Amino acid sequence: MSKSEQSKAKAPLLEVKGLETSFSIEGKDYNAVDGVSFTVDRGKVVGIVGESGCGKSVMSLSVMQLLPKGIGKIRNGEVLFDGEEIQSFNEKQMNQIRGKDMAMIFQEPMTSLNPVFTIGYQIEEVLHNHFKLSKKEARNKSVQLLSAVGIPRAAKIVDEYPHQLSGGMRQRVMIAMAIACQPKLLIADEPTTALDVTVQAQILELLKDIQTKNDMGIVLITHDLGVVAESCDEVIVMYAGKIVEKTDVESLFTKPKHPYTKLMMGSIPRLEEDTEKLETIKGIVPSLTKMPQVGCRFANRCPKAMPECTEITPQLEENEQGHEVACLLYETSHPKEGVLG
Amino acid sequence: MEVVHNKDTQTQSPTTKPSKSLSPWAMARRKFMRNKLAMISLVYLIILSILSFLAPFITTADVTLVNIGQMSLAPSAEHWFGTDTSGRDVFTRLLYGGRVSLFVGLSCTTIILFIGTLVGSIAGYFGGTVDNLLMRFTDFMLNFPFLVFVIVLNAILFGIVSGLWVLIGVLSILGWGGVARLVRSKILAEKENEYILAAISIGCKPSKVIMKHLLPNVLTTVIVQATILFAGMIVAESGLSYLGFGVPQEVPSWGNMLSASQQPNVLQNMPWVWVPPALILIMTILSINFIGEGIKEALNPKSFR
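Analysis parameters
- For every chain, the first residue of the written sequence is number 1, and numbering continues from 1 onward in sequence order.
- Whichever chain is written first becomes A and whichever ligand is written first becomes 1, with later ones labelled in order.
- Reporting in this predicted model follows two pLDDT cut-offs: at least 70 for local features of residues, and 80 or more for side-chain atom pairs to be given and counted; totals over whole chains, interfaces and linings ignore these cut-offs and use all residues.
- The side-chain values count all of the structure's non-hydrogen atoms but skip hydrogen atoms and water molecules.
- Numbering of helices and strands starts at the N terminus; helices are DSSP runs of H or I of at least 4 residues and strands are runs of E of at least 2.
- Note that the radius of gyration is over C-alpha atoms, with the globule rule given as 2.2 Å times the number of residues to the power 0.38.
- Exposure is judged per residue with a 1.4 Å probe applied to protein chains only, and the accessible area is read against the type maximum: over 50% gives exposed, under 20% gives buried, and values in between give partly exposed.
- Here a residue-residue contact requires only that any non-hydrogen atoms of the pair lie within 4.5 Å.
- Note on areas: these come from Shrake-Rupley sampling with a 1.4 Å probe, and a residue is covered only by the protein chains present in the view.
- Comment: axis = line fitted to C-alpha atoms, over the contacting stretch for helices; angle = value between 0 and 180 degrees taken between N-to-C directions.
- For classification purposes, angles smaller than 35 degrees are called roughly parallel, those larger than 145 roughly antiparallel, those between 65 and 115 roughly perpendicular, and all remaining angles oblique.
- For any helix crossing, the convention is left-handed if the near helix is rotated counterclockwise from the far helix by under a right angle, and right-handed if that rotation is clockwise.
- Each residue is assigned to one of three groups, with Ala, Val, Leu, Ile, Met, Phe, Trp, Tyr, Cys and Pro labelled nonpolar, Asp, Glu, Lys and Arg labelled charged, and all others, Gly among them, labelled polar.
- UniProt positions are given in the numbering used here, feature names are shortened, and annotations may be inferred rather than shown by experiment.
- A helix's residues, less one, multiplied by 1.5 Å, set its expected span.
- By convention, the term buried area covers the 1.4 Å-probe accessible surface removed from two parts as they join, with the contributions of both added.
- The term salt bridge refers to a side-chain nitrogen of Lys or Arg lying within 4 Å of a carboxyl oxygen of Asp or Glu.
- Each pair of strands is called paired provided DSSP finds at least two bridges between the two strands.

Would you take a moment to explain the overall build of chain A for this structure?
Counting its regular elements, chain A contains 11 helices and 12 strands. At 21 Å, chain A has a C-alpha radius of gyration in line with the 20 Å of a compact globule built from 341 residues. For chain A, the spread of C-alpha atoms along the principal axes amounts to about 65 × 60 × 45 Å. Per-residue burial for chain A yields a buried fraction of 52% across its 341 residues. Once local pairs closer than 6 in sequence are excluded, the contacts in chain A between residues at least 24 apart make up 64%.

Here you go:
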């Protein structure tokens, strides 16, 4: 076995190391994702949570190399997929793995399907892109896929146009497209946000199902902690382009450490409590151009902020076994040399 | 009025043949068919084209035959629209003229659409430097003084290439800029849609993304633009021919026929020479515009007919 094959077998499915993705705004580069590292193992679901504008989607687009050309670029860090460094891949090599080895489900089922083609055509397209199949084989496969994602009357729906389907159905079609080539990694960018709750549950169950069948790794991006609790193995909490907490799903819900995580938990409506108002986190995520460069980025919204929070940048370190957090409330997050500013 | 229930097909009994899903195109066709003015225009245009292109089978008279014995005759049973000052049959020339005018219009439109769409979609999709270079080139082409360019090119190419092709070439070269700008702006808007990102994410090459995913979605605008262009090109051809810079004098075209009215005698005393081409020209342009309007409405999802 050659050295590269050895590393391939041992390497996790997706390894992101110190990823920095920047957008250029008026000639200056600003990091939307700032030094994010995590791994996704085969057969695991990793949830990424955070409010809007935290860099979740940008991160997933960076992994797929779908950043808007000319504006967004990966400035630093490595993305290793199946042991291979993919950010050095050219467009052609990326096209070979996009859709085949890594696939993506997009947020908006209403706009993610091309309105001028039938459902069948769009699923067949994925297959034709990566396999040599006859028209008939591709069609049969796409009908199979549609029934696999729980679409009734698949043989008929295959000839229909996106505008004839409901949001939930379209999202299923998107999932069918994403799993058509049995990818090793599936990035689901808020797959349930646009759907109502009952459909949400079905879609999540479906994803879980497919995942166990194919031993696929899933990155589930969401801002819904309920979705996380239901389907993830590990959770990454992101705030303003940085990871603030990283742990397995159980310890996140039983003992959240970062004030941001705690506040997010507090803002979930609970059936058993009869409260007039929901807790909210005051303020908004700072905009890219006004991001504080030193100190904790959550400091100005944090109820437990201390004076040093704006002066010392907390480090993401293991606080307990398998539970990483970046907050100065914890001794582990203080920089080792204690450098100020 | 027939209404197609696509979503209610579950309730259909299995014996009835399920109605086929209507593509956006099929729906547009339905809407178009209900537009009376556009349909009448379309029928007119089809009949006109058939008459023009089958002209050799309809009239036996020789178009170019100069008959000194039959100069300036008023309409009669033998010469339906009379003859002109050279003794040529006006009706025959009208048919053959339609052939030239429609051919020039059609080929210019085709070439313009091809170049314009190609340049516009590449510029719009890739953006950045490519976009900049292509669009500055487009601006450059749009800045050419039209009439001067036509006259000069006609003079240079005179005798080398047939006059008709010179005209088609010149009109096309000077005409594609507008289409390129239009297509580019549509592509710029369209490529932000998530289904384009989705198409790239399933491993589609840029050429495939443009051809299969973007172009069908900007085609609606292009088609409407094509009708405007078609009419515009016929007018341009006629105008240039009227001034004597268009198709060669011996080739019959509506513009050339109209130029006979430059002679005061013809204008005053022989209306049968210039009224028919003028009328046909006006009706053709009008009907093309009505068709364009009809297509525009049919492709607009917010309009109902």
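We are not done yet, so read on.
I keep staring at the overall build of chain B and nothing clicks. Help me out?
Assigned secondary structure in chain B consists of 12 helices and zero strands. Starting at the N terminus, the α and β elements of chain B follow one another as α-α-α-α-α-α-α-α-α-α-α-α. Expressed as a percentage of the 305 residues in chain B, the buried residues total 47%. The contacts in chain B between residues at least 6 apart in sequence include a share of 69% that link residues at least 24 apart. Here chain B displays about 15700 Å² of accessible surface, and carbon together with sulfur accounts for 69% of that area.

Looking at this model, I keep getting lost on the packing of helix α4 (residues 119-130) of chain A against helix α7 (residues 167-179) of chain A. Mind explaining?
How two helices pack is summed up by the angle between their axes together with the distance between the axes. Residues and elements named next belong to chain A. Taken N-terminus to C-terminus, the directions of α4 and α7 make an angle of 20°; their axes are 8 Å apart at the nearest point. The orientation of α4 relative to α7 falls into the category roughly parallel. In terms of crossing hand, the pair formed by α4 and α7 is right-handed. Counted together, Ile119, Gln122, Ile123 and Val126 of α4 and Val173, Ala176 and Met177 of α7 form the full contact between these two elements. Partitioned by chemical class, the residues of the contact of α4 with α7 number six nonpolar, one polar and no charged.

It is not clear to me how the UniProt feature "domain: ABC transporter" (unreviewed entry) in chain A should be interpreted in this structure. Could you clarify?
According to UniProt, the feature "domain: ABC transporter" (unreviewed entry) maps to residues 14-265 of chain A in the numbering used here. From the first C-alpha to the last, residues 14-265 of chain A spans 28 Å; its make-up is 38% helix and 28% strand.

Help me out: how do you make sense of helix α4 (residues 90-126) of chain B in this one?
Each α-helix winds once per 3.6 residues, and so residues spaced three or four apart point in a common direction. For α4(B), which comprises 37 residues, the first-to-last C-alpha distance of 53 Å matches the rise-based estimate of 54 Å (1.5 Å per residue) to within 8%. Backbone geometry just after α4(B) places B:Gly127 at a positive phi near 65°.

Any chance you could explain unusual backbone geometry here in plain terms?
In most cases, non-glycine residues show a negative phi, while peptide bonds are predominantly trans. All names here are of chain A. Even without being a glycine, Gln182 presents a positive backbone phi close to 50°. Position of Gln182 relative to the elements: it lies in the loop between α7 and β7 (185-189). Phi angles above zero are rare outside glycine, and Asp215 is one such case at about 55°. Relative to the assigned elements, Asp215 resides in the loop between α8 (197-214) and β8 (217-222).

What am I meant to see in α4(A) here?
Within α4(A), nine of the 12 residues are buried, leaving the element largely enclosed by the surrounding structure. For α4(A), the complete set of buried residues consists of A:Ile119, A:Gly120, A:Gln122, A:Ile123, A:Glu124, A:Glu125, A:Val126, A:Leu127 and A:His130. In this structure, the buried side of α4(A) is in contact with α3 (91-97), α5 (135-148), α6 (154-157) and α7 of chain A together with α9 (206-243) of chain B.

Honestly, the interface of chain A and chain B in this entry has me stumped. Any pointers?
Reports of interface size often rely on the accessible area that becomes lost once the parts have come together. Taken together, the contact between chain A and chain B spans 32 residues of the former and 26 residues of the latter. For the chain A and chain B pair, buried surface summed over both sides reaches about 2600 Å², with 55% attributable to carbon and sulfur atoms. Broken down residue by residue, the surface that chain A buries against chain B is led by A:Val116, A:Glu125 and A:Gln164, which jointly contribute 19%. Counting the contacts that link chain A with chain B gives one salt bridge. The closest approach of N and O atoms between B:Lys208 and A:Glu125, which form a salt bridge, is 3.6 Å. Counting residues per element, the side of chain A that touches chain B draws most heavily on α4(A), at five residues. Across the side of chain A that touches chain B, the residue classes break down as 15 nonpolar, 10 polar and seven charged.

What is the right way to read the sheet that holds strand β6 (residues 102-105) of chain A from this model?
Paired through backbone hydrogen bonds, the strands of a sheet run either parallel or antiparallel to each other. All names here are of chain A. In spatial order, the strands read β6-β7-β8-β3-β9-β10-β12-β11; together these eight strands make up an open sheet with mixed pairing. This sheet does not close on itself; its edge strands, each paired only once, are β6 and β11 (317-320). Adjacent strand axes in the sheet meet at a mean angle of 20° when their direction is disregarded. As defined by bridge partners, strand β3 (residues 45-49) adjoins β8 across five bridges and the pair is classed as parallel. Residue pairing across strands places Val45 opposite Ile218, the latter belonging to β8.

Explanation requested: the pattern of salt bridges in the structure shown.
Any two side chains of opposite charge can pair, on the condition that their charged atoms come close. Residues and elements named next belong to chain A. Applying the stated criterion to the full structure yields 16 salt bridges over all chains. Lys184 serves as the salt-bridge partner of Asp82, at 2.8 Å between the closest nitrogen and oxygen. Residue Asp82 is located in the loop between β4 (72-81) and β5 (84-85), and its partner Lys184 is located in the loop between α7 and β7; the two are separated by 102 residues in the primary sequence. What makes Lys184 partly exposed here is its relative accessible area of 33%. Each member of the salt-bridge network shares a partner with another, and the members are Asp29, Lys73 and Arg75.

For this particular structure, what's the right way to read the sheet that holds strand β2 (residues 28-40) of chain A?
Residues and elements named next belong to chain A. Spatial ordering of the open sheet is given by β2-β1-β4-β5, a layout of four strands whose pairing is antiparallel. Pairing within the sheet leaves two strands with one partner each, and these edge strands are β2 and β5. Alignment of strand β1 (residues 14-25) against β2, held across 10 bridges, turns out to be antiparallel. Looking at β2, one finds that Leu14 is bridged to Val40. Where helix α2 (residues 56-64) meets the sheet, it contacts β1, β2 and β4, and its direction lies at approximately 110° from that of β1.

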